[in-house]
Amino acid sequence: MKLKRTYRFAYKTAFYIALFTTLLLNAFLYVFYSINWLLILAFASTCYLFSFFVIQARVEKFIYKRVKKIYDDLTLLESASLTRGSITTDMGTLTKEIDKFARDKKLEIETLKVREKYRKEFLGNISHELKTPLFTIQGYILTLLDGAIDDKNLRKKYLERANKGVERLSYIVKDLDMITKLEIGDLSLNLEVFDIVELVNNVFEMFEMRAHKKNITLTFDTDYTKPILVHADKERIQQVLANLFVNSIKYGKEKGTTEVSIENLIKNKVIVRVTDNGEGIQKKHVSRLFERFFRVDKTGNRKVGGSGLGLSIVKHIIEAHDEKLYVESEYGVGSEFSFTLEKAK
C-alpha cells in the first residue's frame, strides 16, 4: 500500500522509539523484576501508537507551516482555501505545483515579450502611417502660406493634394476605431439573410473601374443561377469583400484575374474564396498578414491608397461572426483568401 511520506516517517520513527523503550524496559525488568511478556507487548504497542500520533501530528504541523508559506509566497492558493480544505504536505505535490507555477510564469513572460515587441512595432507603424500624410498636408499648407496661395492654379492643386492627405488620415482613424470596437465587442452586428452572389456582383461593380485600369478581370468561377442565402451582417461582409478585392487588384498582375467561388462546406456553412494570380506572398510573411499596418513591402511604398488596415479589419469582422478565415499563397503564383459564412435556414 502506498503511504504518504510523513506516515512512513512516523511509522519508522515510532518503531525505533518503541523498540528502544521496550528494550530499556526489558533491561529494567530483568535487573529488578521478573519479565512479563504480555506486559512488555502491551507497553510496546502503547508506546508505538503514542509515538506515531505525536510524531505524525508534529510533522504535519511542521511541514504545513512551511508549505503554506511557500504557497502564499507563490500565490498559488489563497490562504483561506488552505485552512478550510484538506492540506497536502507531500513534497512531490508541492514540487509539481512549483513546477507548474514556474512554467506558467515563463509562458506569461514570453507572452509579455511578444506583446511588447508587437506594441513597439505597432507604434512604429502607426507613427509612420500618420506621419506621412501629416507632413504632406503641412508641406502643402506652408507652401500656400509662403505665397503660392496667390497663384490660382497652384492653390487649387495643392489644396486638392492636402485634401487627399486628410482623407487618408480619416481612413486610418475610422478603420482603427472599427478594429477597436470589434476587439472589445462594442460594434454590434446587424445580422440578416441576404444573397451572397448578389452582394459579390455589387462589389464587382464598385471596383470595375479600378480593375479595368490594370486590365484585371473580376469574375465568378461559374454561373450562379440560383441565389445562395447566408445569415450575416451584409454591410460588414461587403466590407470584407471590398478589402480583399482592393488587395487583389493592388498586387495583381496586368491582365490578371480575380475569381470568386462560393461552395458548400458543410450542411450549414458555405465558404467564399477570392483567388488571384498576382504576386503571391512568401511563406514567412503569411502568419503576419492580418496584423495592423503590416506590409510585405518594407519600403512603405503604396501603389494604391488606403489605411493599411484592410486585412486586419477582414480578420476582425469574420471573427466577430464566429467564422473562420483562411489564406493560401504561393510566391509568384497568386493568393487565395477564403472565409466561411452561415447558410440561411
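The chain goes by histidine kinase in an unreviewed UniProt entry, where it is assigned to Gelatiniphilus marinus. Under the Catalytic activity (unreviewed entry) heading, UniProt states for the chain: "ATP + protein L-histidine = ADP + protein N-phospho-L-histidine."

On the surface, a nonpolar cluster with roughly 440 Å² of combined accessible area is contributed by Phe15, Tyr16, Leu19 and Leu23. Relative to the elements of secondary structure, Leu23 occurs in helix H1 (residues 5–32).

So, on to unusual backbone geometry. At Asn215, a position not held by glycine, the phi torsion is positive, near 55 degrees. Among the structural elements, Asn215 can be located in the loop between helix H7 (208–213) and strand S2 (217–220). A relative accessible area of 38% means that Asn215 is categorised as partly exposed. Phi is positive for Lys255, close to 60 degrees, though the residue is something other than glycine. The exposure class assigned to Lys255 is exposed, which follows from its relative accessible area of 70%.

Cross-referencing UniProt, the feature "transmembrane region" (unreviewed entry) maps to residues 9–31 and 37–59 in the present numbering. Summarising residues 37–59: 100% helix, 0% strand, and an end-to-end C-alpha distance of 32 Å.

Now for the packing of aromatic side chains. Summed over the entire model, instances satisfying the criterion amount to five aromatic pairs. Considering the side-chain rings of Phe204 and Phe245, the 5.3 Å spacing of their centres and the 20 degrees angle between planes classify their relative orientation as stacked. On the criterion of sequence distance, the pair formed by Phe204 in helix H6 (residues 196–206) and Phe245 in helix H8 (residues 234–250) is long-range, its members being 41 residues apart. An identical accessibility class is assigned to Phe204 and Phe245; each is buried. With 6.4 Å between their ring centres and 90 degrees between their planes, Phe207 and Phe245 make a pair best called edge-to-face. With Phe207 in the loop between H6 and H7 and Phe245 in helix H8, this pair connects stretches of sequence that are 38 residues apart.

Definitions and limits used
- Residues numbered from 1 in each chain as written.
- Predicted model: local features only at pLDDT ≥ 70, side-chain atom pairs only at ≥ 80, totals over all residues.
- Heavy atoms only, no water.
- UniProt positions renumbered as here; feature names shortened; annotations may be inferred.
- Patch = residues over 30% accessible without salt bridge, like charges linked within 9 Å, V, L, I, M, F, W, Y side chains within 5 Å.
- Areas by Shrake-Rupley, 256 points an atom, 1.4 Å probe, with all protein chains shown as cover.
- Salt bridge = Lys/Arg side-chain N within 4 Å of Asp/Glu carboxyl O.
- Helix = DSSP H or I, 4+ residues; strand = E, 2+ residues; numbered from the N terminus.
- Buried < 20%, exposed > 50% of the residue type's maximum accessible area, 1.4 Å probe, protein only.
- Phe/Tyr/Trp six-rings, centres within 6.5 Å; stacked < 30°, edge-to-face > 60°.

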